[in-house]
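Observations on the three-dimensional arrangement
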Amino acid sequence: MIPLVVAQITDFHLQNDPDQDYRGFNVEQHLDRVVDDLLLQTPAVDMIICSGDLVHHGGPEGYQRLSRRLARLPVPSYWIPGNHDAAQLMLESGDQQGGQLNQRTIVAQGWVIILLDSTANPDGQGGGSLSSTELVFLEQQLQQYSTHHCLVVLHHNPLPVGSDWQDRIMLANANQFWAVLGQHRSVRAVINGHVHQASDQLYGKVRVLMTPATSVQFKAGCQQMVLEDDPVLRQPAYRLLTLHRDGLIETSIKRVAG
């Protein structure tokens, strides 16, 4: 049977002014490189999931440019906010260009993909939480689609990544999140952005996949923020996931050279 192919792209950090760099990089060009690569992807992806920090300071111009770029791809895109996003502006801008921003649950090919907003109770440093309403929504969706394999998507990492400065701003109520997931055997994996680096971990039997950014990458295992300087690892990147009907997940990181 034909599997479901998903592309996760994350942490674009688009500026209001497209000529303004982010941490010394032209993130507009980085996003273009990723979109161009997706257009050449074989087999073609079935959907795009944009997992937060789509813009850097929540301005409408960045969302509008993102919408126009993603319109080049002949598949739906689904957006969730990160700590740098303005959720309402994101909704308005994406919906104008056909983004699937009000659809929080995607059901296809024996899978359910649940999209979460982890930006509640911000700490002012980049951390976030799942609101009580969001946790109830997660529980309801897991119950409703208990016969499907489940992929959960959020922005903030629900496990430490091994960098002191980033682990201080991970999902603040990760214990509550895992308590909900622990009641449901259907959950196969969780994917997130936020950390600007790749990680593949297990929490019990749940795979936790963290994805590099299209903008800039952070070096792993650091006490303070350090930009990645490895010529391969510093490239803009995204994740491909092939979701099979038996629950198997095949995944890889695609790094896009200039």
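Rules behind the numbers
Each chain has its residues counted from 1, following the order in which its sequence is written. In view of the model being predicted, local features appear only for residues whose pLDDT reaches at least 70, and side-chain atom pairs are presented and counted only at 80 or more, with totals across whole chains, interfaces and linings using the full set of residues. For the side-chain quantities, the full set of heavy atoms in the structure was used; hydrogens and water were omitted. For two strands to pair, DSSP has to find at least two bridges joining them. What counts as a helix is a DSSP run of H or I of at least four residues, what counts as a strand is a run of E of at least two, and both are numbered from the N terminus. Here the axes come from fitting lines to C-alpha atoms, over the contacting stretch only for helices, and the angles between their N-to-C directions go from 0 to 180 degrees. Note on contacts: a residue pair is in contact if any heavy atoms of the two residues lie within 4.5 Å. To sort residues, take the accessible area from a 1.4 Å probe on protein chains only and compare it with the maximum for the residue type: under 20% means buried, over 50% means exposed, and anything in between is partly exposed. The arc in question is traced by the directions running from the helix axis to the C-beta atoms. Within this document, salt bridges are pairs made up of a side-chain nitrogen of Lys or Arg and a carboxyl oxygen of Asp or Glu, the two lying within 4 Å of each other. For this analysis, a nonpolar core means a set of buried residues of the types Ala, Val, Leu, Ile, Met, Phe, Trp, Tyr and Cys, connected via side-chain atoms within 4.5 Å.

1. Things to note about the sheet that holds strand E2 (residues 47-51)
Strand pairs in the sheet, formed through backbone hydrogen bonds, run parallel or antiparallel to each other. The strand order across the open sheet formed by five strands is E3-E2-E1-E10-E11, and the pairing between neighbours is mixed. Looking at the sheet topology across the chains shown, the edges are occupied by strand E3 (77-80) and strand E11 (249-255). Here the average twist between neighbouring strands, direction ignored, is 20 degrees. Taken together, the seven bridges between strand E10 (residues 237-243) and E11 define a ladder with antiparallel strand orientation. The partner of Leu 240 across the bridge, within E11, is Ser 252. With respect to the sheet, helix H1 (residues 27-39) is in contact with strand E1 (4-9), E2, E10 and E11, its orientation differing from that of E10 by roughly 30 degrees. Against the sheet, helix H2 (residues 60-70) touches E1, E2 and E3, its axis set at about 155 degrees to E3.

2. Quick notes on the environment of Val 180
Of note, Val 180 is situated in helix H6 (residues 174-181). Given a relative accessible area of 13%, Val 180 falls into the buried group. Measuring from C-alpha to C-alpha, the distance between Val 180 and Leu 142 comes to 9.0 Å, with 38 residues separating the pair along the chain. Each residue touching Val 180, except ones within four places of it in the same chain, is listed here: Leu 135, Leu 138, Glu 139 and Leu 142.

3. With respect to H6
When we look at burial in H6, the residues that qualify are Ala 174, Phe 177, Trp 178, Val 180 and Leu 181. Taken around the axis of H6, the buried residues stretch over an arc of 155 degrees, which confines them to a single face. Those residues of H6 that are buried are in contact with helix H4 (132-144), strand E6 (149-154), strand E7 (187-192), strand E8 (199-203) and strand E9 (206-210).

4. Remarks on the pattern of salt bridges
Scanning all chains against the criterion turns up nine salt bridges. The shortest N-O distance in the salt bridge between Asp 36 and Arg 72 comes to 2.8 Å. Of this pair, Asp 36 sits in helix H1 while Arg 72 is found in the loop between H2 and E3, placing the two residues 36 residues apart along the sequence. Here Asp 36 falls in the partly exposed class, since its relative accessible area comes to 36%. Arg 104 is the partner of Glu 134 in a salt bridge, and the nearest nitrogen-oxygen pair spans 2.2 Å. Pair noted here: Glu 134 is in helix H4 and Arg 104 is in the loop between helix H3 (87-96) and strand E4 (105-108), with a separation of 30 residues, a long-range link. With a relative accessible area of 28%, Arg 104 lands in the partly exposed category. Each member of the salt-bridge network shares a partner with another, and the members are Glu 28, Asp 32, Arg 65 and Arg 69.

5. A word on the nonpolar core
Grouped together as the largest cluster of nonpolar side chains are 29 residues, with contacts concentrated most on Ile 9 and Leu 38. Those elements giving two or more residues to this core turn out to be E1, H1, E2, H2 and E10. In this view, Ile 9 contacts Val 34, Leu 38, Ile 48, Ile 49, Cys 50, Ser 51, Leu 70, Thr 214 and Tyr 238; residues no more than four positions away in its chain are not counted. Judged by nonpolar contacts, the second largest core, of 27 residues, contains Leu 138, Tyr 145, Phe 177 and Val 195.

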